[in-house]
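# Results of the structural survey
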Amino acid sequence: MAQYSDVVMDHFTNPRNVGEIEDADGVGEVGNPVCGDMMTFYIKVDEEGRLAEVKYKTFGCGAAIAVSSMVSEMAKGKTIEEALKITRDGVAEELGGLPANKMHCSNLGADALHKAIEDYLEKKGKE
Amino acid sequence: MAQYSDVVMDHFTNPRNVGEIEDADGVGEVGNPVCGDMMTFYIKVDEEGRLAEVKYKTFGCGAAIAVSSMVSEMAKGKTIEEALKITRDGVAEELGGLPANKMHCSNLGADALHKAIEDYLEKKGKE
Amino acid sequence: MRTAREVYLDNYAASPLLPEARDAMLPFLGESFGNPSSLHGRGDAAREAVEEARSRVAALIGAAPEEIIFTCNGTEANNLAVKGITAGSRRKGRHIMVSAVEHFSVLHAARSLEKQGYELELVPVDEYGRIDLGALRSLMRDDTILVSVMLANGEVGTIQPVAEAACIAAERGVPFHTDAAAAAAHLPIDVESLGVQALTLSSDLLYGPQGVGALWVRRGLRVIPLLDGGVQEGGRRGGTENVAGIVGMGVAAELARERMTERSAHLRGLRDALIAGLPARVDHVHLTGHPVERLPWNASFVVEFIEGEGMLLLLDQQGVAVSSGSACTSRALKGSHVLTAMGVPPERAQGSILFSFGPQNTLQDVDYVLEVFPPIVERLRQMSPLYAKFLKERG
Amino acid sequence: MRTAREVYLDNYAASPLLPEARDAMLPFLGESFGNPSSLHGRGDAAREAVEEARSRVAALIGAAPEEIIFTCNGTEANNLAVKGITAGSRRKGRHIMVSAVEHFSVLHAARSLEKQGYELELVPVDEYGRIDLGALRSLMRDDTILVSVMLANGEVGTIQPVAEAACIAAERGVPFHTDAAAAAAHLPIDVESLGVQALTLSSDLLYGPQGVGALWVRRGLRVIPLLDGGVQEGGRRGGTENVAGIVGMGVAAELARERMTERSAHLRGLRDALIAGLPARVDHVHLTGHPVERLPWNASFVVEFIEGEGMLLLLDQQGVAVSSGSACTSRALKGSHVLTAMGVPPERAQGSILFSFGPQNTLQDVDYVLEVFPPIVERLRQMSPLYAKFLKERG
Ligand SMILES: Cc1ncc(COP(=O)(O)O)c(C=O)c1O
Ligand SMILES: Cc1ncc(COP(=O)(O)O)c(C=O)c1O
């Protein structure tokens, strides 16, 4: 798959932090299998407001899986504010670039993370 | 030139009876260099009404030259009546066939011969 | 990444060139170079080689050599058929019909005509991808000027009832084209008994070289050229001939005829072993296409809950080369129009995978796939939110 | 018939494939087979090979690789340019202009557009075959949507003032296409300084394999595909790529760039030796085309009073391969439209003969021609009624 960088292939082949968090503090789902890619992110926030745990499940192409893995690595240990600054472009950059046609549809990881954070904030607000 | 039969190639390479007859009894010219082929036939008729000599000059493709040569061979020694029975198709047949696209434009030999005979008959009539 | 084993099961995309075809081509890439239009000895030799290839290709489908137009691939042949035949019958009408599962080279050619003012009707197919003959009959009109239905679909393997369809078109006197690119090496074809007016062939799908194809057009049917230029190919297709390629296609066509029975039996064995073995080892895997009326080399599936590209990449890492009709694996990022036309739900179509066998494959290749593929599916499912949902729902 | 010597001087029709190109192609006809669209390792390798070739072809003309569309020959590239650019600018007008001496793949493509309702204007040329720039300027209209003038004509060798012509079109904002098929191996090309929007290349005229060509299209200029199908070539040309052929063209393009100066000097030497030698040995022989602004490999003549096919056949018997633009040697039995456009009288055009040199030719080849050709001319003239007339008239 010459279309993917070595970093993408590494994250696709050995995705970090795959899984669900049963008692997640926030859950974010984006995408749609009809369009090709779908991701669900789970976060656990510690007392200092840091993402202690970030997990995900991903349906989609190699890029989608690598993006999820990279986002989980980038987000882990960050504060909420820091994590909200993770962007699609930033993720693609960390991955050593993504093929042009994968930039939009498969690069949903940051969105899913942000959704999970919003979910957390919303739940927290309600407490 | 796989398009031509061996007989055509032989007549093209070693055309028989090429030339002019200074004091010809009949001369026939057909064709037009603009269209590609042009032939002039010369005949000499003996006392018995036979074609004692048949010569020609030809401007044109391999087929045109081979046709002229074949016609001269076929006509030589024939009576006027016999010579008038030489047809385009007969010439092509004797040549072992001609490529389809050469049947019409290059196969003018019989016409030229007939014109030479007409010329002879006309001159004779005037005598 | 080099793996212990290379198992190439993407013969539909490209297949090893027959050594016999290659050997026949080499002189024309070397000292026998020549242009068939030239009037000297070298041109004669090139022309004779092209004409011999033409006879061989014609023989494969029971046609006359002068009815064969060499093209540069199946795509050009299909474009020439669709655009050339309609342009030749312009005065008779503006309505064209092609099946919903045609290769893009038919479908997109037809769409481009639609943009130019032709009316296009897609003939629907059933869940196995077979066209609806009743619909074909009822959708046909007095101003229909072309029907195109492929002989067999490469993506899902389904063989179409072309003789029946051609018969329906013939009742109305409508020219019928069939794209036999994916089928010609495997199904005996006789254009007379098939009753079609035009037929597409592709060299690479005959195990010949890439860069060559052919369109057969029944004598008397008018085809307006797509490539205007010189009077090559009887004035129906200009351009200097790819002599070496044409020669290679000729040899491939001849060998297709000679080896068809033997090859098909071999391929069918491999195909059936995988079709039987895979669902036995992996749950929620479904064969796509017709279970019986299918190409001997085609084993296509949808694997639920996961997406094709991931399968491809992981199989590639194990040395197994395959393809998929998923949106992510298409450069246009669109899911397979074939699966869609067959009514496969989009999320399921995302799990499409095609194993296409070639003569060089063995039962060991099937065994290897059956060994390495199930863990790959399992691994991707473990990552899949859809699979998690499914498990939860099932309880 | 085998002769002592083989002197091949029909390199314009076909030329020996460069061994370097052949060597680069062979793996792709063997174990490196693959489809550039495939997403596995084999597909990657094929895709990389195609992309490398694209870069090499682009480098030959100073273009960006992604602006290169591979086709199956120069004819397809020209058809794509003429039909694709006009279709892409349909809304802007219906008027197209091509020079009167274009290759048939431009001229007949334009004629087919004319049948579809476009207006075609042929740009006239002078006695040397050079276009009339004043006429180009004055015939151009507000609704002109394409001008196509070749870089050089293969039949008579004349190089066109394309930069000047393109400049005139640019003033009006009209897309300008140039067919560089016959020129690209011999004239340095930089699409920027040339100021054109599209440019045709043909592999076989770069000493690469037959069956490949390319169209360069400047970024931003819309081209409607001729071959609809898959999204190969950036969606501008469908169909499985001829990988081996494309690789061969890439190598040929690279070598054309590297060897251009040296090759041209060599060819020019041969050409000039024949151009000087032939009229010195045979009366009433005239060079056709421009005496100075001409392709290094082209020595074309008209020989008065005789016809081309006869010369070809007799030269072939001496082992010399050449071509002619006479009506009898064209399969369509029409005299050269190029000579006609240059005002050569038809009976003179019948005596057309083209010696096209290639890198493998030597001065000995020229000497051999100068030895065997004069007796052939003499022999045919002795048979010619026109020559007899000429002699008589001269007295
Ligand atoms: C059914 C069918 N038709 C046409 C084609 C197009 O052939 P090519 O890619 O050689 O142009 C293919 C290619 O796979 C095919 O499967
Ligand atoms: C100027 C020019 N353009 C286009 C072509 C067509 O190239 P092809 O025969 O490779 O299609 C030729 C071929 O000789 C040519 O000389």
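Residues numbered from 1 in each chain as written. Chains lettered and ligands numbered in written order. Predicted model: local features only at pLDDT ≥ 70, side-chain atom pairs only at ≥ 80, totals over all residues. Heavy atoms only, no water.

Take the interface of chain C and chain D next. Contacts between chain C and chain D engage 61 residues on the former and 62 residues on the latter. Here chain C and chain D share an interface that buries about 4,700 Å² over both sides, 56% of which is from carbon and sulfur atoms. One can count 4 salt bridges joining chain C with chain D. Across the pair C:Lys83 and D:Asp228 runs a salt bridge whose closest N-O atoms are separated by 2.7 Å. At the junction of chain C with chain D, the criterion picks out 29 residue pairs in polar contact (both at pLDDT 80 or more). Elements with a minimum of two residues in the side of chain C that touches chain D: helix H1 (19-25), helix H2 (41-60), helix H3 (74-88), helix H4 (104-115) and helix H9 (308-317) of chain C. Among the elements that line the side of chain C that touches chain D, the one with the most residues is H4(C), at 5 residues. (Contact = heavy atoms within 4.5 Å. Buried area = accessible area lost by both parts, 1.4 Å probe. Salt bridge = Lys/Arg side-chain N within 4 Å of Asp/Glu carboxyl O. Polar contact = N/O pair within 3.5 Å; in protein donor to acceptor, adjacent residues only side chain to side chain. Helix = DSSP H or I, 4+ residues; strand = E, 2+ residues; numbered from the N terminus.)

To continue, consider the sheet that holds strand S2 (residues 68-71) of chain C. Residues and elements named next belong to chain C. Within the open sheet, the 7 strands sit side by side as S2-S8-S7-S6-S5-S3-S4. Their pairing is mixed. Each edge of the sheet is formed by a strand with only one pairing partner; in this case those strands are S2 and strand S4 (119-123). The mean angle between the axes of side-by-side strands here comes to 20°, regardless of whether they run parallel or antiparallel. The pairing of strand S3 (residues 95-99) with S4 spans 5 bridges and is parallel. Residue pairing for S4: Met 97 is matched across the bridge by Glu 121. (Pairing = 2+ DSSP bridges. Axes fitted to C-alpha atoms, helices over the stretch in contact; angles between N-to-C directions.)

Charged atoms that come close allow side chains of opposite charge to pair. This model, assessed by the stated rule, comprises 60 salt bridges over all chains. The residue C:Arg218 makes a salt bridge to C:Glu192 at a minimum N-O spacing of 3.0 Å. Here C:Arg218 is found in the loop between strand S8 (213-217) and helix H8 (243-281), whereas its partner C:Glu192 is found in helix H7 (residues 191-194), with 26 residues between them in sequence. Note that D:Arg348 and D:Glu304 form a salt bridge whose closest N and O atoms lie 3.5 Å from each other.

On to the site of ligand 1, then. What surrounds ligand 1 is a group of 15 residues, the closest being C:Tyr12, C:Thr75, C:Asp179, C:Ser202 and D:Thr240. C:Gly74 is positioned with one of its backbone polar atoms (N or O) 3.3 Å from an oxygen atom of ligand 1. Take C:Asp179: an N or O atom from its side chain is 2.5 Å from a nitrogen atom of ligand 1. Look at ligand 1: alone it shows 390 Å² of surface, and the protein chains cover 95% of it. (Near = heavy atom within 4 Å. Areas by Shrake-Rupley, 256 points an atom, 1.4 Å probe, with all protein chains shown as cover.)

This part takes up the side chain of D:Asn153. Residues and elements named next belong to chain D. If you trace the backbone, Asn 153 turns up in the loop between strand S5 (144-148) and helix H6 (162-171). We classify Asn 153 as buried; its relative accessible area is 3%. From its side chain, Asn 153 meets the backbone nitrogen of Glu 155 in a polar contact 2.7 Å long. In contact with Asn 153, other than residues within four places in its own chain, are Val 101, Thr 158, Leu 295, Asn 298 and Val 338. (Buried < 20%, exposed > 50% of the residue type's maximum accessible area, 1.4 Å probe, protein only.)

Here we take up the arrangement of the chains. In this assembly, 5 pairs of chains are in contact, and the pair contributing the most contacts is chains C and D. Spatially, chain A is disjoint from chain B: no contact exists, and the shortest C-alpha separation is 50 Å.

Moving on, we get to the site of ligand 2. Around ligand 2, the surrounding shell holds 15 residues, and the nearest of these are C:Thr240, D:Tyr12, D:Thr75, D:Asp179 and D:Ser202. The site occupied by ligand 2 is bordered by residues of chains C and D. The side chain of D:Tyr12 places a nitrogen or oxygen atom 2.6 Å from an oxygen atom of ligand 2. In this structure, D:Asp179 approaches ligand 2 through a side-chain N or O atom, which is 2.5 Å from a nitrogen atom. When isolated, ligand 2 has an accessible area of 390 Å², and the protein chains bury 95% of it. Element by element, the count of residues in the shell around ligand 2 is highest for helix H3 (residues 74-88) of chain D, at 3 residues. Tallied by class, the residues present in the shell around ligand 2 amount to 4 nonpolar, 9 polar and 2 charged. (Nonpolar A, V, L, I, M, F, W, Y, C, P; charged D, E, K, R; others polar.)

On to the relation of the copies chain C and chain D, then. If you rotate chain C by 180° and push it 0.0 Å along the axis, it lands on chain D with an RMSD of 0.0 Å. Seen this way, the second copy is the image of the first under a two-fold rotation axis. Scanning chain C for the C-alpha nearest the rotation axis identifies C:Cys72, at a separation of 3.1 Å. (Least-squares fit on C-alpha atoms with pLDDT ≥ 70 in both.)

With that settled, the discussion passes to the domain arrangement of chain C. All names here are of chain C. Splitting chain C by domain gives domain 1 (7-15 + 260-394) and domain 2 (19-256). Its C-alpha centre places domain 1 at a distance of 29 Å from the equivalent point of domain 2. Counting residues at the interface gives 29 residues for domain 1, matched by 34 residues for domain 2. Together, the buried faces of domain 1 and domain 2 total about 2,500 Å²; carbon and sulfur atoms form 61% of this surface. Applying the counting criterion to the domain 1 and domain 2 interface returns 13 residue pairs in polar contact (both at pLDDT 80 or more). Of all the secondary structure elements, the ones that give two or more residues to the side of domain 1 that touches domain 2 are H8, strand S10 (298-303) and helix H10 (337-341). (Domains from an automatic or database assignment.)

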